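Reading the structure
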Amino acid sequence: MLIDSPLFKFINRGIYHDYNKKLCYKFIAEVKWYGNKYYCKSKKCSGGKAKVKGYETIINDPKWADYSRRCLRCKNVETPTAHTPLHGSNSITAFFEMVYIITEMQKERKVRINNEAISKILTKHENRISKSTIEKYRYQIQNYLIDWEQEYKDLPKIYGIEKFLLGGEKTKRWIYLLSQFTQPRQIFAKIYSRDDYISFQNFLPKTFINKSEKIILYDWGEVYPTLKNKKSKLKFSNELLEYRNLLFDIRDSIIKWLKEINLSNEERVNGHINECIYVLYQDYFSPIQLLTLIIRNDLQKVGNEDATRK
């Protein structure tokens, strides 16, 4: 996908003042309708079945977001954010800047930037949003950071699985951690309130393991023989102890990353774990690549409903 040079530099620059909102909408429109993919989805145009493609671009109209498109046949307007995960976002520029902070600034600093610090950065650049909105945007972005669908069929795969305890008596939680020992290195971790076979059974299918790979377990006690019995098609082992330090390194990083995080909301904690793995250990997207992924995510789910205003 080709984005014009000034727009590319803007997206990757990391400064998104509110008065640059027009450029944000231009980027979203170019990604969303790239390759002449626009057609009117209103019921007046048979709910999109007629594939009416004629449109005019709306600029500087207070009723609509810039770069919205108006159907020349029925006059229905579709905004750039309609049918994308950004629809309903009350500050597009703040969302764009948070993508930059998470993908670039944290990568450079090798530490987690907390929401209060993010708020100060956004305010400095005239993006004043509430802390709850920052948390909401951060969670949205976290869900796109790790790609578990990659396949490397020609390479041998050996995984190690470790578990460790976090929190006090009232917020005791277990982190299950899996890391690939062979390249390319894939990492996965998830939080659980209980340490038992059921939790492990829930953890295993959510990873990228298939039936032919070797899985090395460390200190799983009574769970180990149960796993070997019930998951007989998987190749479990307790060897290769020399690789265990790799898991300890990831474990220590996750513990440090979650230091200020409330462990009671497991869904949000899993988002922060993904962010930690992405920033410290995985290949990462540029801001423009991640934004493109986020915008395109829901387009295949578009129904026949009329586009609504931003």
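The structure under discussion appears in the preceding block.
Below: a short report on this structure. (Residues numbered from 1 in each chain as written. Predicted model: local features only at pLDDT ≥ 70, side-chain atom pairs only at ≥ 80, totals over all residues. Heavy atoms only, no water.)

Another point: the overall build of the chain. Secondary structure summary: the chain contains 10 helices and eight strands in total. Relative to all contacts within the chain whose residues are 6 or more apart in sequence, the contacts with residues 24 or more apart total 62%. (Helix = DSSP H or I, 4+ residues; strand = E, 2+ residues; numbered from the N terminus. Contact = heavy atoms within 4.5 Å.)

According to the stated counting rule, one finds nine salt bridges in the structure shown. Among the salt bridges present, the one from E78 reaches K41, with a minimum N-O distance of 3.0 Å. Of this pair, E78 sits in strand 3 (residues 77-78) while K41 sits in the loop between helix 2 (21-32) and strand 1 (55-58), and the two are 37 residues apart along the sequence. Taken as a pair, E78 and K41 share a single burial class, namely buried. Linking R251 and D252 is a salt bridge whose minimum nitrogen-to-oxygen distance equals 3.1 Å. A single network of salt bridges, built from pairs that share partners, joins K32, K41 and E78. (Salt bridge = Lys/Arg side-chain N within 4 Å of Asp/Glu carboxyl O. Buried < 20%, exposed > 50% of the residue type's maximum accessible area, 1.4 Å probe, protein only.)

If you trace the five strands from one edge of the open sheet to the other, you get 6-5-4-7-8, paired in mixed fashion. Each edge of the open sheet is held by one strand with a lone partner, namely strand 6 (187-192) and strand 8 (235-237). Looking at each pair of strands side by side, their axes are set apart by 25 degrees on average, direction ignored. Two strands pair when backbone bridges link them, and strand 7 (residues 214-217) and strand 8 are joined in this way by three bridges, in the parallel orientation. (Pairing = 2+ DSSP bridges. Axes fitted to C-alpha atoms, helices over the stretch in contact; angles between N-to-C directions.)

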